[in-house]
Amino acid sequence: MLGLGLLALYFPVAIYLTYSYSPPPEPPVIRTFLLPPFTKVDGDGHAYQASSEYIASLDALADSRGDGASSPILIYENGRPLGPAHSSHDDIEKIGNGRFSHWRGMGIIFSASDVTDPNTNGRRYTVVVPR
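Overview of the structure.

Cut-off values and rules
Residues numbered from 1 in each chain as written. Predicted model: local features only at pLDDT ≥ 70, side-chain atom pairs only at ≥ 80, totals over all residues. Heavy atoms only, no water. Buried < 20%, exposed > 50% of the residue type's maximum accessible area, 1.4 Å probe, protein only. Helix = DSSP H or I, 4+ residues; strand = E, 2+ residues; numbered from the N terminus. Pairing = 2+ DSSP bridges.

**Notes on the pairing of strand β4 (residues 74-77)**
For step 1, the next point in the chain: Only one face of β4 is buried, namely the one carrying I75 and E77, since none of L74 and Y76 on the opposite face is buried.
For step 2, the next point in the chain: Bridge count for β4 against strand β8 (residues 125-130) is four bridges, and the pairing is antiparallel. Pairing of Y76 across the sheet is with T126, part of β8.
For step 3, the next point in the chain: Here β4 folds back onto strand β5 (residues 80-81), and the loop between the two strands holds two residues, one of which, N78, carries a positive phi near 50 degrees.

See the structure below:
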């Protein structure tokens, strides 16, 4: 008897929740892939430059001399965030470990999380711009 009562209560609640629930919206973002080939920055270090041709539209958001931490971009390696962002090019070159910068007129300079060559390590690099 109790089982029938619970079933009688379950169905109206399930139908109500099915039609009334709306999942929270995902935060709006712009995503683009960084595609190889990446250009090795001068030196024997870990820094690579992404082609600025297809990310030129992001140049207006980039860091500049007047504001060295204005770029909102995030970079992901196989879905895992890289960073710290706004790193100096010297630190990216010497330390690596996922550091990156987005500099006006230069595009994106970054390093792989394990300082391997992003042209050959088989990982996917994604740029995310929160709106």
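Still to come is the rest of the account.
**Describing unusual backbone geometry**
For step 1, the next point in the chain: Following P36, the chain continues into P37 via a peptide bond in cis, with omega recorded as 10 degrees.
For step 2, the next point in the chain: When you line up the elements, P37 lands in the loop between β1 (29-34) and β2 (39-40).
For step 3, the next point in the chain: Phi angles above zero are rare outside glycine, and N78 is one such case at about 50 degrees.
For step 4, the next point in the chain: Turning to its location among the elements, N78 is positioned in the loop between β4 and β5.
For step 5, the next point in the chain: In the Ramachandran plot, H86 falls in the positive-phi region, its phi being about 60 degrees despite a non-glycine side chain.
For step 6, the next point in the chain: By the element assignment, H86 lies in the loop between β5 and α2 (89-94).
For step 7, the next point in the chain: Taking the relative accessible area as the measure of exposure, H86 reaches 33% and is therefore partly exposed.

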